[in-house]
Amino acid sequence: MGAEQAKQIAVPPPLRELEEFYSAAAAPAPVLEMIDGSTMPDPYRSLLVHDGDMTPALEKFHSGSIYLQVLRRKRSHDKYCRDVVLRMEGSNKPIEFGAIEINLDAVCSGAREAILAGRKPLGGILRDFSIPHLSRPKAYFRVMADAVICRALEISKPSQRLYGRRNTLSIPSGAVLAEIIEILPP
């Protein structure tokens, strides 16, 4: 789909969570324009257009370990939602801004505790606990960096075009483990 045919993504979780984050920041949520992954420029395409977890892809690309900065979180029974920034260990460089809704019932108690501790990205926890899962990107998008994204990703110039994806992680039974929005900095 070309730029002239870009479409706005519907508002399922975790977009709803992202909208709540923006509402709390007293700002309108950004418009995510759906695009075909094959039209995404590199390095975004190599980092986003695949069926794998973002944590190992980002660790490999940036040659280091990642930690999690939780911006906002909320829990309702088995659903745990959070808006986050992934940062590089050592440099604290922000390498992803995202929103995620996690089904806590889909993981063992140890992984659930690690998720709720809020120090490590979900992909790292799934790897550490050897939790089998599938990654299925559902949409790729572009978005203009606004004040909220700029603050989260420490971008000095607003209105830069950024890219991201909407991804679903599921366990082998088919149950949804997580719905994720991932936006990368320039």
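Because the structure is a prediction, the values reported are computed rather than measured.

(A) Here's a closer look at the environment of Glu-59. Positionally, Glu-59 belongs in helix α3 (residues 54-62). Setting aside residues up to four positions removed in sequence, Glu-59 forms contacts with Gly-64, Ser-65, Ile-66 and Arg-127. Only 3.0 Å separates the side chain of Glu-59 from the side chain of Arg-127, close enough to count as a polar contact.

(B) View of the pairing of strand β6 (residues 134-144). Of the strand pairs in this sheet, strand β2 (residues 33-35) and β6 are connected by 3 bridges, and their pairing is antiparallel. The residue bridging Met-34 from the neighbouring strand is Phe-141, located in β6.

(C) Region of interest: the pattern of salt bridges. The full count for this structure, using the stated rule, is 8 salt bridges. Between Asp-42 and Arg-45 there is a salt bridge whose closest N-O contact spans 3.3 Å. Taking the relative accessible area as the measure of exposure, Asp-42 reaches 47% and is therefore partly exposed. Residue Arg-45 is classed as partly exposed on the basis of its relative accessible area of 31%.

(D) How the structure looks around the nonpolar core. One finds Leu-58, Phe-97, Ile-149, Leu-162, Ile-181 and Ile-183 to be the most contacted residues of the largest nonpolar core, which totals 37 residues. Sorting elements by how many residues they give to this core places helix α6 (residues 147-153) first, with 5 residues. Every residue in contact with Ile-183, bar those within four places of it in the chain, is listed here: Glu-96, Phe-97, Phe-141, Val-143, Ile-149, Leu-153, Leu-162, Tyr-163 and Gly-164. If you look at the next biggest cluster of nonpolar residues, it comprises 17 residues, including Leu-104, Ala-106, Leu-122 and Leu-126.

(E) Layout of the packing of aromatic side chains. Tallied over the entire structure, the rule returns 3 aromatic pairs. Centroid distance Phe-21 to Phe-97: 5.9 Å. Interplanar angle 50°. Geometry classified as tilted. Of this pair, Phe-21 sits in helix α1 (residues 15-24) while Phe-97 sits in strand β5 (residues 94-103), placing them 76 residues apart in sequence. The same class applies to Phe-21 as to Phe-97, namely buried.

Scoring rules and cut-offs
Residues numbered from 1 in each chain as written. Predicted model: local features only at pLDDT ≥ 70, side-chain atom pairs only at ≥ 80, totals over all residues. Heavy atoms only, no water. Helix = DSSP H or I, 4+ residues; strand = E, 2+ residues; numbered from the N terminus. Contact = heavy atoms within 4.5 Å. Polar contact = N/O pair within 3.5 Å; in protein donor to acceptor, adjacent residues only side chain to side chain. Pairing = 2+ DSSP bridges. Salt bridge = Lys/Arg side-chain N within 4 Å of Asp/Glu carboxyl O. Buried < 20%, exposed > 50% of the residue type's maximum accessible area, 1.4 Å probe, protein only. Core = buried A, V, L, I, M, F, W, Y, C linked by side-chain atoms within 4.5 Å. Phe/Tyr/Trp six-rings, centres within 6.5 Å; stacked < 30°, edge-to-face > 60°.

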